[in-house]
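# Architecture at a glance
The lines below spell out each chain.
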Amino acid sequence: MEKEEKMRHTLSHVLAAAVKELYPTTTFGIGPAIENGFYYDMNFGDTKISEADLPKIEKKMRGIISRKFEMVKREVSREEALEWAKNEGQDLKTELISELPEGETISFYDMKAGDKVIFSDLCKGPHVSDSSEIGAFTLNKVAGAYWRGDEKREMLTRVYGVAFETQEQLDEYLKQQEEAKARDHRKLGKELDLFCYSELVGAGLPLFTPRGTVLRDLLNEFTQSYRLKCGYEKVCIPHIANVALYKTSGHYEKFPELFQFVSQESGDHLAIKPVSCPHHAQIFASKPRSYKELPVKYLESTMVYRDERKGELGGLSRVRAITQDDSHIFCTEDQVETVFGELIEASKDLYEKVDMKLRLRLSFRDDGEGYIGDAKMWEKAQNAIQKMADKFKMDYFVAEGEAAMYGPKMDFMATDALGREWQLATVQLDYAQPERFELEYVAEDGSKKRPIMVHCALIGSIERFMSVYIEHTAGWLPMWCAPEQVRILTVNDQVMDYVSEIRAELDQVVLNEPLKGKELRYTVDDSGESLGKKIKKAVGMKIPAVIIVGPKDMESREVSVRLKGSEEKVKLSELKEFLEKL
């Protein structure tokens, strides 16, 4: 991977060199290597660059590489670096250099073909030694990017490229990207009539259609069913609270983007909830507790609200209104392992059922600020989580700096059909909030003790999980959670009496878990359109089972059942059993 990173970083310099030759007045920001490729932020002035310009820039890059250059490191003083930036008119580089400590030696990399310097750039490296080490690459995207991520600063043009050691690896990646475009949940969400957006409602606030609401509700019932089996009890909390609640919990400092307002009637300083855990803590605190009651397990699917930069909002993957399949457990230290065990087993089973491979990320704290609780508490909690990951034989890795502000967590990383990894489920250990809220229970010896708080969401955010799951299935949702499970298509009006018999069979279909007790969801398309058009519509809506009924089917007392990629004849007397198996 180090070799690939060096190659990608060098390619960002080749990109800048090509742009400099094509657009001499361009000024340059930063150009790092990133996962699968590289980018460079640039100010093209009045020139507008689009993806239509990428082939021309890429051709120039290949011409530069063909000159067989070397990457030569050169160290200069701060004053020399500032003089270079001034002479080159590179104001963004001047800013970067000015912020470096006084007396620090600064490095440049010169791209040299023989004695000629093709391009020089302020850079720490690392780079390949020469152009022969550059593999396969292509430029693939243009986007806007605020200088240094500050929306109050100038908007630069960010040109992206992808690069791999071999052409075969690059081709495979590009093929995967094309497949990802076809599976984009924003595109499929519209085609399958699952959700929409309204400018009047606002960015990041999705509206779910009847079909999308069926899917949401089924996913929620599915994830919550695991915890209901383990004795969790449902609770319900409001969408606003006094700001004092979040100041006590520590979330006020954690979420500076908190939506706040002052009541005109009471003068109360209120906020729209960004999390539900402080509310659940107050339910626990509402009456005296005994060790005999523990663990107390609360369950709620509730919407929380967090502001995001408008440019970062997209589809269902990043929204302002987030529905969490949330649960909080208040337990003794001796009960933590059992509680975690239940949730780990639930996560493993859930993701196996949705056909995703799991591994764990143990999200621990780093030396940074923003965490609450003392170091001893953190060490104890992190050791406990690692011990449980070992006990349950989970494939895991440790990520420092990824902890929640109040404690370490187990983040379940799910791999989708395209090999992409997503952080979805999470189980978090919290010693801090019980302390901050002074939660307590009466222990067996009569003393007062603090409970331990465990946070868990098995799919995380319903919106985000939907975005991942729609793309994972390419919109071909499995039978159990498809908004429309079966559609009956009629060839003509002569078969309507027979369709009534078919409907009677469908009404008797017995659904298994997690749909036990529900009825089969089906519709009848008896419109006057041709059968071909009806089939095209049904396939376009990715309906799992399509039943085609014509006069010949009626005569033979059977139907044609069209599934994804196959079609077969089924006798009417066997249709109920056939659908139950599906």
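Here, the structure is the one placed above.
All values derive from a computational prediction rather than experimental measurement.

With that out of the way, let us pick up helix H12 (residues 375–391). Its 17 residues place the ends of H12 24 Å apart at the C-alpha level, agreeing with the 24 Å of an ideal helix rising 1.5 Å per residue. Buried residues of H12: Met 377, Trp 378, Ala 381, Gln 382, Ile 385, Met 388 and Ala 389, and no others. One side of H12 carries all its buried residues, which in axial view fall inside an arc of 125°. Away from the buried face of H12 by more than 90 degrees, exposed residues Ala 375, Lys 376, Glu 379 and Lys 387 are located. Looking at the buried residues of H12, the elements they touch are helix H11 (336–353), strand S17 (357–364), strand S18 (396–400), strand S19 (409–415), strand S20 (421–430) and helix H13 (432–436). Looking one or two residues past H12, Lys 393 carries a phi angle of roughly 50°, positive in sign.

Another aspect to go through is the environment of Leu 22. Along the chain, Leu 22 falls in helix H1 (residues 2–22). For Leu 22, a relative accessible area of 28% translates into the label partly exposed. Sequence separation between Leu 22 and Lys 56 is 34 residues; the distance between their C-alpha atoms is 8.9 Å.

All right, on to the packing of aromatic side chains then. The full count for this structure, using the stated rule, is 14 aromatic pairs. Between the aromatic rings of Phe 222 and Trp 480, the centroid separation amounts to 4.8 Å while the plane-to-plane angle is 55°, which identifies the pairing as tilted. Taken together, the residues Phe 222 in helix H7 (residues 210–228) and Trp 480 in the loop between helix H14 (462–473) and strand S24 (486–490) connect sequence positions 258 residues apart. Site record: aromatic cluster; members linked through ring pairs are Phe 28, Tyr 40 and Phe 119. The cationic tip of Arg 8 hangs over the ring face of Phe 164; the distance from NZ or CZ to the ring centre is 5.0 Å. One Lys or Arg, Lys 141, reaches over the ring of Tyr 160 and ends 4.6 Å from the middle of that ring.

Basis of the calculations
Residues numbered from 1 in each chain as written. Predicted model: local features only at pLDDT ≥ 70, side-chain atom pairs only at ≥ 80, totals over all residues. Heavy atoms only, no water. Helix = DSSP H or I, 4+ residues; strand = E, 2+ residues; numbered from the N terminus. Expected span 1.5 Å × (residues − 1). Buried < 20%, exposed > 50% of the residue type's maximum accessible area, 1.4 Å probe, protein only. Arc of directions from axis to C-beta. Contact = heavy atoms within 4.5 Å. Phe/Tyr/Trp six-rings, centres within 6.5 Å; stacked < 30°, edge-to-face > 60°. Lys NZ or Arg CZ within 6 Å of the ring centre and 35° of its normal.

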